[in-house]
Amino acid sequence: MRLRNIPGADDAILNSEYCIKNPEEQKGHWQDCFDKVQPLHIEIGMGKGRFIMDTAALHPDINYIGIERYSSVLLRALQKVEQNPLPNIKFICMDAADVAEVFAKDEVDRIYLNFSDPWPKDRHAKRRLTSTHFFGFYDKILIPDGQVIFKTDNRDLFDFSLEQIPLAGWKLLNYTYDLHNSEYNEGNIMTEYETKFSAMGTPINRLVAYRDK
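A brief look at the structure comes next. (Residues numbered from 1 in each chain as written. Predicted model: local features only at pLDDT ≥ 70, side-chain atom pairs only at ≥ 80, totals over all residues. Heavy atoms only, no water.)

This brings us to the layout of surface pockets. The volume enclosed by the second largest pocket comes to roughly 280 Å³. Around the second largest pocket, the lining is made up of 18 residues, and of these R110, Y112, G187, N188 and I189 lie nearest the centre. Only α2 (50-58), β4 (108-114) and β5 (142-152) provide two or more residues apiece to the lining of the second largest pocket. Here the element with the most residues in the lining of the second largest pocket is β4; it accounts for three residues. Counted by class, the lining of the second largest pocket contains eight nonpolar, six polar and four charged residues. (1 Å grid on protein atoms, 1.4 Å probe; cavity = no way out; pocket = protein on both sides within 12 Å on 5 of 7 lines; lining within 4 Å. Points joined across faces, edges and corners; volume = space filled by probe spheres on them. Helix = DSSP H or I, 4+ residues; strand = E, 2+ residues; numbered from the N terminus. Nonpolar A, V, L, I, M, F, W, Y, C, P; charged D, E, K, R; others polar.)

Bringing the pattern of salt bridges into the picture now. Going through the model one piece at a time under the given rule, you end up with eight salt bridges. For the salt bridge of E192 with K80, the shortest nitrogen-to-oxygen distance reads 3.0 Å. Linking E192 in helix α7 (residues 192-199) with K80 in helix α3 (residues 71-83), this pair joins segments that are 112 residues apart in sequence. Classification of E192 as partly exposed rests on a relative accessible area of 27%. Salt-bridge contacts for K105 lead to D106; the nearest nitrogen and oxygen are separated by 3.2 Å. (Salt bridge = Lys/Arg side-chain N within 4 Å of Asp/Glu carboxyl O. Buried < 20%, exposed > 50% of the residue type's maximum accessible area, 1.4 Å probe, protein only.)

Our focus in this paragraph is the side chain of N114. If you trace the backbone, N114 turns up in strand β4. Using a relative accessible area of 6% as the deciding quantity, one classes N114 as buried. A polar contact is formed between the side chain of N114 and the side chain of E43, at a distance of 2.9 Å. Sequence-distant contacts of N114, that is, excluding residues within four places in its chain, are made with E43, G45, F51, K151 and T191. (Polar contact = N/O pair within 3.5 Å; in protein donor to acceptor, adjacent residues only side chain to side chain. Contact = heavy atoms within 4.5 Å.)

With 13 residues, α3 extends 18 Å from end C-alpha to end C-alpha; this agrees with the ideal 18 Å at 1.5 Å per step. Tucked inside the fold, the buried residues of α3 contact α1 (9-15), α2, β2 (63-68) and β3 (89-93). (Expected span 1.5 Å × (residues − 1).)

On to unusual backbone geometry. Positive phi is not limited to glycine here, since F115 has a value of about 55 degrees. Its location among the elements puts F115 in the loop between β4 and α5 (132-141). Overall, the relative accessible area of 11% leaves F115 in the buried class. One non-glycine residue, W119, lies in the positive phi region at around 40 degrees. Of the residues examined, W119 reaches a relative accessible area of 22% and is grouped as partly exposed.

Here we come to the sheet that holds strand β6 (residues 171-176). The strands making up a sheet associate through backbone hydrogen bonding, with each pair oriented either parallel or antiparallel. In spatial order, the strands read β3-β2-β1-β4-β5-β7-β6; together these seven strands make up an open sheet with mixed pairing. The sheet is open, and its two borders are formed by β3 and β6, each paired with just one other strand. The sheet shows a mean angle of 15 degrees between the axes of neighbouring strands, direction not considered. This element, α3, spans β2 and β3 of the sheet and lies at about 165 degrees to β3. (Pairing = 2+ DSSP bridges. Axes fitted to C-alpha atoms, helices over the stretch in contact; angles between N-to-C directions.)

A few words now on a negative patch on the surface. On the surface, a cluster of negative charge is contributed by E24, E25, D98 and E101. Summarising the element assignment, E25 is placed in the loop between α1 and β1 (40-44). Relative accessible area serves as the criterion here: at 58%, E25 is assigned to the exposed category. (Patch = residues over 30% accessible without salt bridge, like charges linked within 9 Å, V, L, I, M, F, W, Y side chains within 5 Å. Areas by Shrake-Rupley, 256 points an atom, 1.4 Å probe, with all protein chains shown as cover. Lys, Arg positive; Asp, Glu negative; His and termini not counted. Charge placed at Lys NZ, Arg CZ, Asp CG, Glu CD.)

A word on the state of the cysteines. According to the stated counting rule, one finds zero disulfides in the structure shown. Summary of cysteine pairing: C19 is not part of a disulfide, and the nearest cysteine sulfur, belonging to C93, is at 6.3 Å. Exposure remark for C19: the relative accessible area of 3% places this residue in the buried category. By relative accessible area, C93 is classed as partly exposed at 31%. (Disulfide = S-S within 2.5 Å.)

This brings us to the nonpolar core. Counting residues in hydrophobic clusters, the biggest one holds 37 residues, and the most contacted among them are I42, I44, F103, I111 and Y138. The set of elements that each furnish at least two residues to this core consists of β1, β2, α4 (99-102), β4, α5, β5, α6 (155-167) and β7 (205-210). Apart from residues lying up to four places away in sequence, I42 is in contact with I65, I67, V99, F103, V108, R110, I111, Y112 and I141. Judged by nonpolar contacts, the second largest core, of 21 residues, contains L74, I89, Y112 and I149. (Core = buried A, V, L, I, M, F, W, Y, C linked by side-chain atoms within 4.5 Å.)

Here you go:
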């Protein structure tokens, strides 16, 4: 999908108090960006930010960082949070592949992956956020009992993810092919895509992965 470039998006990100400009400088010191020292959850590929902002509003005892590669998309999240300020949320405009360069060992308590790009061509499998390649990055930054929670409408990507997790040396805590009609739906917070696909009758797949450390 081609993203429309929005004039002024880069300047808005640069000038926003909610967006961290040089994230690699915060490695190992992310708690300094927040008012309180609290568990840190991150969402990689947050889109327009509905999920992470709704989650942060419901859980003021947790600090959140949303990561989005595209400035024109991140701009929408900045506009939302500036209308409804939250003290426990920050954003980073960067590529997901740099996550281990930005967060230190044991610095993150949970990772959310919501409706990630499926990269359907086989030659791009390494780019999928649930590939063994990316689980290697997550292993470097998550606390020992940290979790990766993944949701998608794409069944092929979900099946790929279920295969990748044991190959990466991780385990499945639980998974479902139909989140909204399962026992795991309690407390579920919807994303923009989730709302759209659910209205179309598309089942939502969800898994929780962890390491036995």
